[in-house]
Amino acid sequence: MEENYLKEIIDGCKKGKRKSQELLYHQFAAKMFAVCLYYAGNKTEAEDFLQSGFIKVFENIKQYQEKGIFEAWLRKIFMHTALTKYREKKLMLLPDYKETEYLLDSNQEDVLSKISTNDLLCLIQQLPPAYRLVFNLYAIEGYSHREIAEMLGLQEGTSKSNLSRARQILQQKLAGQFEISTKKG
Amino acid sequence: MNQDQKHIDNQISKKLLQAEVIPPASVWLGIEKALAEKKRKAVILLYRRLGYAAAFLLFGFVSYYFIRSNSEINTLNPKRTQQIVGNTDLIKIDSISRPELLTYEQQKENPSEKSKSNRAKSVHNENIATVATNGLENTVMPNAFVEQTAHPKSLEMNIGRTITESIALHKPLQTIDLTSMYKSNFNVLSFLRAYSFRRAYELDQQTDLLAENKTFANNQSWKLGLAFSPTNVSRSSGFSTREYGALYADASVPTETIASVVSEKDIPAYSGGLNLEFQISERLSLQSGVYYLRQGQLIENFSVIENSANSANSTNSYFGNISITNTSLLSGEAPLSDYLQLNDAVSYSRFDADLLQRFELLEIPLIASYKLIDRKFSFSLAAGLNQGVVIGNQVYLSNYTSQPIGTTEDLNRFIYKSVFGFSFEYPLARKLYFNLSPTLKYQLNNFNKKAIEPEHLRYYEFKAGVSYRF
């Protein structure tokens, strides 16, 4: 999208113009819905995240200083919206699993290249909420275990084990979907 | 963790960061609705706070007025009072009886004045005016101007002014009720001392009374009035098919059919009521009151969606969905011009008649008014808030207004407006004024609770009325 056009839309949103808000929504809804889908447990929950996220965006858009990339700022808001929703539901209390390594062979890399985005989203949605959150924050958003532990109010070890467990479940599901073998270490 | 895992993570991450999934249209509708609701609540909250603040200020002003009035009587400066009053002793009134004004020196000089019992009469004798009372000793008021009002038991008095000044001002300092004046010595003494003190203050300020017309008592007065106004209601946007669509979407009414029914016309509105004004200072005053407002619109060749599943008949309008409850009138008074069976349960009918949608409101304004020109013909700027309560909500067939056919649904009970305007005032008599106020009222919230877009109606009023100062 042209930078000036986006700036114009953002300025309109800062003034509370409904037309600009609608344009901004249509510009980023598809991308942010994907974000919501991999944080949510199902489509309905993702729609709820999307709606709450955009309301939060419109309410707080004046805080956007136009220094960084707007999409990254948006993504962060949606991520925090999801985290807040999970905190409200108190889904963070999970047992500490022992870390289990898993290995992927070359077949599984092929699987990842073949699997559609929708299927991948479905697989991630099937993870238990706490695993899904840790996996998303670590593997997609790039946070460290210490940062994740602080954000979610967990022990660093719990974050690590949740990630490990998430990977294990994903591996099993991928294997199940494409009937390939897995090795556990 | 090994490199393979990182590699897989990166692959997943790359795939998901580029992912795009189109959300259902209902999400944006939900966002729009939530934003409108938040805005509505914010506006209501803001005006509620402003209302509280205005009420608090009004209370403060009124309290200040009474406290100041009391303190002026009680806070005497004997030295300065003596200086102004001079060495004249204030004569105490020892006996208390029913006071009755008998004579004035001027009346003695000009007996013809006696016949004018209802007219104001003036007495001024250089620096001393004397009031003779039946059964009482004379009360000497130094340097005073005493005037009898139309009321037989009251006097108006200025101390330290000449007749010329007082006549020019048209505003005596105080009306004295003789009944209370003679109740006790204290009243008389306090009264005279207080006025002497006021005069001292005036002299201290080196105020030119004639030029600046600075009086104390008359700055703070009340006015009660009646006003009536024809009102023109204007909308920021027309009624679009989108709103109709919201109602008719489920019934699958063709878009061209929906578009053909969009025809609404505002009907003349009017308002009228009681107005109360409190003058805080020489130029600033607060106004409130109670007004009745009637407004509405005409929906031409209206259409009705009938849902036999829930026995509901409804149509839509700018102000919201209209529920038609008196269906017998439809067949009796409104000839059917078009009919469409949309599905097993739902049918669409169009009638060769018009609907009259009418609302009645009671409005309570709170307006601050500032006098820009303070002459005989005065000109003021006014701004404030207006809270309306919906007291009437009826829909009629326009050719049959004796019986309502239905009501508009989901109306907000309270309607808030901001008010801006001018006010012209002209004295008809001594305390009677004619007022003319062209005013713009800007509606802050929607009539309909479920409206998505804010619709700010504008009301152009041309208020005319009379008010009485007391």
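As the structure is a computational prediction, the values presented were derived from the model and not from experiment.

### Some points on the overall build of chain A
Alright, step 1. When you go through chain A residue by residue, the secondary structure sums to nine helices and two strands.
Alright, step 2. If you list the helices and strands of chain A from N to C, you get α-α-α-α-β-α-α-α-α-α-β.
Alright, step 3. Here chain A holds 185 residues, and 50% of them are scored as buried.
Alright, step 4. Once local pairs closer than 6 in sequence are excluded, the contacts in chain A between residues at least 24 apart make up 70%.

### Some details on the interface of chain A and chain B
Alright, step 1. Counting from both sides, the interface comprises 40 residues of chain A and, opposite them, 30 residues of chain B.
Alright, step 2. The junction of chain A with chain B conceals about 3,400 Å² of combined surface from both sides, 65% of it contributed by carbon and sulfur atoms.
Alright, step 3. Where chain A meets chain B, there are two salt bridges.
Alright, step 4. Close ionic contact of Asp-9 of chain B with Arg-167 of chain A constitutes a salt bridge, the shortest N to O distance being 2.2 Å.
Alright, step 5. Elements represented by at least two residues in the side of chain A that touches chain B include exactly helix H2 (18-39), helix H3 (43-60), strand S1 (102-103), helix H5 (106-114), helix H6 (117-125), helix H7 (129-140) and helix H9 (156-178) of chain A.

### Focus on the side chain of Asn-326 of chain B
Alright, step 1. With respect to the helices, strands and loops of the structure, Asn-326 of chain B is situated in the loop between strand S13 (322-324) and helix H11 (328-333).
Alright, step 2. Once residues within four sequence positions are removed from consideration, Asn-326 of chain B is found in contact with Gln-403, Pro-404 and Ile-405 of chain B.

### Points about the environment of Ala-19 of chain B
Alright, step 1. With respect to the helices and strands, Ala-19 of chain B occurs in the loop between helix H1 (3-17) and helix H2 (25-74).
Alright, step 2. Sequence-distant contacts of Ala-19 of chain B, that is, excluding residues within four places in its chain, are made with Ala-30, Lys-31, Ala-34 and Thr-117 of chain A.

### A word on the confidence of the model for chain B
Alright, step 1. A residue-level look at chain B finds 60% of positions with pLDDT of 70 or above and a mean pLDDT of 69.
Alright, step 2. For the stretch residues 72-190 of chain B, pLDDT sits under 50, and the model shows 224 contacts to residues farther than four places along the chain or on other chains.

### Remarks on the pattern of salt bridges
Opposite charge on two side chains permits them to pair, given that their charged atoms come into close proximity.
Alright, step 1. A full pass over the atoms with the stated rule returns 16 salt bridges over all chains.
Alright, step 2. Residue Lys-7 of chain A is joined to Asp-11 of chain A by a salt bridge in which the shortest nitrogen-to-oxygen separation is 3.3 Å. A residue pair is termed a helical-turn pair when its members lie 3 or 4 positions apart in one helix, as Lys-7 of chain A and Asp-11 of chain A do in helix H1 (residues 3-14) at four residues.
Alright, step 3. On the basis of relative accessibility, which here comes to 39%, the residue Lys-7 of chain A falls in the partly exposed class.
Alright, step 4. Judged by relative accessible area, which is 25%, Asp-11 of chain A ranks as partly exposed.
Alright, step 5. For Lys-417 of chain B, the salt bridge is made with Glu-363 of chain B, and the minimal N-O distance between the two is 2.4 Å. One end of the pair, Lys-417 of chain B, is in strand S19 (residues 414-427); the other, Glu-363 of chain B, is in strand S16 (residues 355-373), with 54 residues separating them in the sequence.

### Considering helix H8 (residues 145-152) of chain A
Residues and elements named next belong to chain A.
Alright, step 1. Among the residues making up H8, those that are buried are His-145, Ile-148, Ala-149, Met-151 and Leu-152. Here the buried residues of H8 occupy an arc of 165 degrees about the axis, which is enough to place them on one side. Residues of H8 that are exposed and angled more than 90 degrees away from the buried face: Arg-146 and Glu-150.

### Focus: the nonpolar core
Alright, step 1. Within the largest apolar cluster, 70 residues are counted, with the highest numbers of intra-cluster contacts made by Leu-24, Phe-54 and Phe-70 of chain A.
Alright, step 2. Of all the elements, H2 of chain A adds the most residues to this core, at twelve residues.
Alright, step 3. Looking at which domains feed residues into this core, each of domain 1 (3-89) and domain 2 (102-184) of chain A gives three or more.
Alright, step 4. Excluding anything up to four places from it in sequence, Phe-54 of chain A contacts Leu-24, Tyr-25, Phe-28, Ala-29, Met-32 and Phe-78 of chain A together with Ile-31 of chain B.
Alright, step 5. Formed by 14 residues, the second largest nonpolar core is a distinct cluster that contains Ile-299, Val-304, Leu-330 and Ala-353 of chain B.

What counts as what
- Residues numbered from 1 in each chain as written.
- Chains lettered and ligands numbered in written order.
- Predicted model: local features only at pLDDT ≥ 70, side-chain atom pairs only at ≥ 80, totals over all residues.
- Heavy atoms only, no water.
- Helix = DSSP H or I, 4+ residues; strand = E, 2+ residues; numbered from the N terminus.
- Buried < 20%, exposed > 50% of the residue type's maximum accessible area, 1.4 Å probe, protein only.
- Contact = heavy atoms within 4.5 Å.
- Buried area = accessible area lost by both parts, 1.4 Å probe.
- Salt bridge = Lys/Arg side-chain N within 4 Å of Asp/Glu carboxyl O.
- pLDDT = per-residue confidence, 0-100.
- Arc of directions from axis to C-beta.
- Core = buried A, V, L, I, M, F, W, Y, C linked by side-chain atoms within 4.5 Å.
- Domains from an automatic or database assignment.

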